[in-house]
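# Remarks on the overall topology
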Amino acid sequence: MRLRIESVSTNDSSTDDSIRVVTPFGMNRKPLRPEIRYGSLPPPRRPDIRKEIDISEEVVLFYTEDTRSLAQAISVSEEGPSIALGTVRWKTFEDGFPNPFVEDALFLRNRHVAFLASFHSPQVIFEQLSVIYALPRMFVASFTLVLPFFPTGTAERIEDEGEVATAWSMARVLSSIPVSRGGPTSLLIYDIHALQERFYFADTVLPYFQSAIPLLIAKLSQLPDRETVTIAYPDEGAWKRFHKQFTGYDEVVCTKVRDADKRLVQIKEGDARGRHVVIVDDLVQSGGTLIECQKVLSAAGALHVSAFVTHAVFPNRSFERFSPENGDSNSGFAHFWVTDSCPQTVSEILDRPPFEVLSLADSIADCLRLFE
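Residues numbered from 1 in each chain as written. Predicted model: local features only at pLDDT ≥ 70, side-chain atom pairs only at ≥ 80, totals over all residues. Heavy atoms only, no water.

## Quick notes on the packing of aromatic side chains
Going through the model one piece at a time under the given rule, you end up with 12 aromatic pairs. Considering the side-chain rings of F150 and F201, the 5.9 Å spacing of their centres and the 55° angle between planes classify their relative orientation as tilted. Of the two residues, F150 is situated in the loop between β10 (142-146) and α3 (166-175) and F201 in the loop between β11 (185-190) and β12 (205-210); the sequence distance between them amounts to 51 residues. Residues F150 and F201 agree in their burial class; the two are buried. (Phe/Tyr/Trp six-rings, centres within 6.5 Å; stacked < 30°, edge-to-face > 60°. Helix = DSSP H or I, 4+ residues; strand = E, 2+ residues; numbered from the N terminus. Buried < 20%, exposed > 50% of the residue type's maximum accessible area, 1.4 Å probe, protein only.)

Encoded structure:
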């Protein structure tokens, strides 16, 4: 899109014929509808200076305090469109209820707008929803909600009458996001627990399920022992969820069997002997299952055991259970890769062996390009 600005010379030297363009979202960011302030210009004569300014399509990305670091990484990514960071002032009333304020709201008109959310705690969901519901109504060209971790995804079914499938509840809440000028909201989620949860959303939003597995595959290709890598799954559910993305890799599938009041992990199929085995799952909470899998795989002859999960939830600092013991990789994990989908834990595990964070920034930026 091009904005043509014409400077007009007049015979009246006292006339202020300057034109000022205000760009609130950052250096070299040009709004589609800039604020233009004119002086008292007489009827223009034939212009003697003519300038053309190219205005590139860009996305204005809003974020929370928790997702600030990821938003900044997305904004400098070379994978997607030009991304400017918007600002929300996260204020509260005296009674504690949220009183957020979206800065430069008028400049959002006809812009592609996105919001990077983190629903890591029930206490923060309402204040974020207040902004999420407001942004599409600001006459934006399109609206995208980036929710890397769908927190209630594991509660997607009921087995006894009286249980509540909160995954469905959250999906209904997000389905109530107002339709923007450009149509339904695009909803970006990474490695949701069960693919069938897409049917929990109404037609007013368009869920776009993405995976972080390509980040892991890229990392595995850089390992010095990449030729010995075998992918392991802690249960049949993880195998069904991810095995199609690991074409060409040997696999080990674990399973859980009941022994009295205990559930034990056993190898169902595959051979771990002499291999660098990487356990893959969508999320980790306390980490008990991963630790049991590591012990079983090491006992079965695995040379090294590593793990990858997209969502490192780690309540109650449970990540502390994964520190290597006495520096012996066979008594712990050689590597533990996670993404930054749960920003509240990333700062806790940075530079803490065996953890390494694989950022979703480039992947998110690339998806935002698709949603323009």
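## Focus on the pattern of salt bridges
In total, this model carries 10 salt bridges according to the counting rule given. The shortest N-O distance in the salt bridge between E65 and R68 comes to 2.8 Å. What makes R68 partly exposed here is its relative accessible area of 31%. Among the salt bridges present, the one from R317 reaches E348, with a minimum N-O distance of 2.9 Å. (Salt bridge = Lys/Arg side-chain N within 4 Å of Asp/Glu carboxyl O.)

## Focus on the sheet that holds β12
Hydrogen bonds between backbone groups are what pair the strands of a sheet, and the pairing can be parallel or antiparallel. With parallel pairing, the 6 strands of this open sheet are ordered in space as β6-β5-β9-β10-β11-β12. At either margin of the open sheet sits one strand with a lone partner, and together these are β6 (82-85) and β12. Between one strand axis and the next, the sheet turns through 25° on average, direction left out of account. Of the pairings in the sheet, the one linking strand β9 (residues 112-116) to β10 comprises 5 bridges and is parallel in character. (Pairing = 2+ DSSP bridges. Axes fitted to C-alpha atoms, helices over the stretch in contact; angles between N-to-C directions.)

## Comments concerning the pairing of β10
β10 sits mainly inside the fold: 5 of its 5 residues count as buried. Residues S142, T144 and V146 of β10 are buried on one face, and the alternating residues F143 and L145, pointing to the opposite face, are buried as well. For the crossover from β9 across helix α2 (residues 122-134) to β10, the handedness is right-handed. (Right-handed = clockwise from strand over helix to strand, strands pointing away.)

## Some points on the nonpolar core
Core analysis: the biggest nonpolar cluster contains 36 residues, and I74, V280, I364 and L368 have the highest contact counts within it. Ranked by residue count, the leading element in this core is helix α8 (residues 361-371), at 6 residues. Not counting the four nearest positions on each side in its chain, I364 is found in contact with L70, I74, V146, P148, L188 and Y190. In this structure, V102, A117, I132 and V140 belong to the second largest nonpolar core, which totals 31 residues. (Core = buried A, V, L, I, M, F, W, Y, C linked by side-chain atoms within 4.5 Å. Contact = heavy atoms within 4.5 Å.)

## Here we look at helix α6 (residues 288-299)
Two residues of an α-helix separated by three or four positions point the same way, owing to the 3.6 residues in each turn. With 12 residues, α6 should reach 16 Å at 1.5 Å per residue; the first-to-last C-alpha distance of 17 Å fits that figure. Residues of α6 that are buried include every one of L290, I291, C293, Q294 and L297, and no others. Around the axis of α6, the buried residues are gathered within 160° of arc, so they sit on the same side. G301 occupies a position one or two residues after α6 and carries a positive phi of about 105°. (Expected span 1.5 Å × (residues − 1). Arc of directions from axis to C-beta.)

## Describing the environment of I192
Locating I192 in the fold gives a position in the loop between β11 and β12. Looking at I192, the relative accessible area reads 2%, which means it is buried. Taking C-alpha positions, I192 is 6.3 Å from G153, a pair spaced 39 residues apart along the chain.

## Quick word on the layout of surface pockets
The computed volume of the largest pocket comes to approximately 540 Å³. Lining the largest pocket are 25 residues, with H193, D235, K256, D281 and D282 sitting closest to its centre. Breaking the lining of the largest pocket down by element, the ones donating at least two residues are α5 (236-242), β16 (276-284) and α6. Looking at the lining of the largest pocket, the element that brings in the most residues is α5, giving 5 residues. Grouping the constituent residues of the lining of the largest pocket by class yields 8 nonpolar, 9 polar and 8 charged. (1 Å grid on protein atoms, 1.4 Å probe; cavity = no way out; pocket = protein on both sides within 12 Å on 5 of 7 lines; lining within 4 Å. Points joined across faces, edges and corners; volume = space filled by probe spheres on them. Nonpolar A, V, L, I, M, F, W, Y, C, P; charged D, E, K, R; others polar.)

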